[in-house]
Amino acid sequence: MAALVRPREGRMIGGVCAALAQRFGTSATTMRVIFVVSCLLPGPQFLLYLALWVFLPGEKRNATTAW
């Protein structure tokens, strides 16, 4: 399984759904749909999303030379 980091590519707002999609081997769109549907249920889904946005590290940039 891949590490849980917010990717630079394919992120919409915070990259949380894209990170979870990479981790569990599914598409980011599927993970976003699951999140939106789960928001219809009672619970702290939105707060969990914000916490993951704050605490998940971002993907490191590759150090490449411009020449």
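Now for a look at the structure at hand. All values reported here derive from a predicted model rather than from experimental measurement.

**Observations concerning the environment of R23**
Checked against the element boundaries, R23 lands in helix α1 (residues 16-24). Note: C-alpha distance between R23 and A3 (20 residues apart in sequence) is 6.4 Å.

**Overview of helix α2 (residues 28-38)**
Every buried residue belonging to α2 is among A28, M31 and S38, and all of these are buried. Relative to the axis of α2, the buried residues are bounded by an arc of 90° and lie together on one face. Opposite the packed face of α2, turned more than 90 degrees from it, sit the exposed residues T29 and V36. Taken together, the buried residues of α2 touch α1 and α3 (45-55).

**A short note on the packing of aromatic side chains**
Scanning all chains against the criterion turns up two aromatic pairs. Look at F35 and Y49: their rings are 5.1 Å apart centre to centre, the planes differ by 35°, and that puts the pair in the tilted class. One end of the pair, F35, is in helix α2; the other, Y49, is in helix α3, and 14 residues separate them in sequence. Since its relative accessible area comes to 21%, F35 is described here as partly exposed. Looking at Y49, the relative accessible area reads 12%, which means it is buried. Measuring from centroid to centroid gives 6.3 Å for Y49 and W53, while their planes differ by 70°, and the two rings are edge-to-face. With a gap of four residues between them, Y49 and W53 both fall in helix α3, about one helical turn apart. Put simply, the rings of F35, Y49 and W53 pair up and form one aromatic cluster.

**Remarks on the packing of α1 against α2**
At a minimum axis separation of 8 Å, α1 and α2 run at an interaxial angle of 120°. Here α1 runs over α2; the crossing is right-handed. In this structure, α1 uses C17, A18, L20, A21 and F24 to contact α2, whose residues at the interface are A28, M31, R32 and F35.

**Describing the nonpolar core**
Across soluble globular proteins, you tend to see nonpolar side chains buried next to one another. With seven residues, the main nonpolar core is built from V16, C17, A18, A21, A28, M31 and Y49. Within the residue set of this core, elements represented by two or more residues are α1 and α2. Looking at this core element by element, the count peaks at four residues for α1. Discounting chain neighbours no more than four positions away, the residues touching C17 are M31, R32, F35 and Y49.

About the cut-offs
- Residues numbered from 1 in each chain as written.
- Predicted model: local features only at pLDDT ≥ 70, side-chain atom pairs only at ≥ 80, totals over all residues.
- Heavy atoms only, no water.
- Helix = DSSP H or I, 4+ residues; strand = E, 2+ residues; numbered from the N terminus.
- Buried < 20%, exposed > 50% of the residue type's maximum accessible area, 1.4 Å probe, protein only.
- Arc of directions from axis to C-beta.
- Contact = heavy atoms within 4.5 Å.
- Phe/Tyr/Trp six-rings, centres within 6.5 Å; stacked < 30°, edge-to-face > 60°.
- Axes fitted to C-alpha atoms, helices over the stretch in contact; angles between N-to-C directions.
- Left-handed = near helix turned anticlockwise from the far one by under 90°.
- Core = buried A, V, L, I, M, F, W, Y, C linked by side-chain atoms within 4.5 Å.

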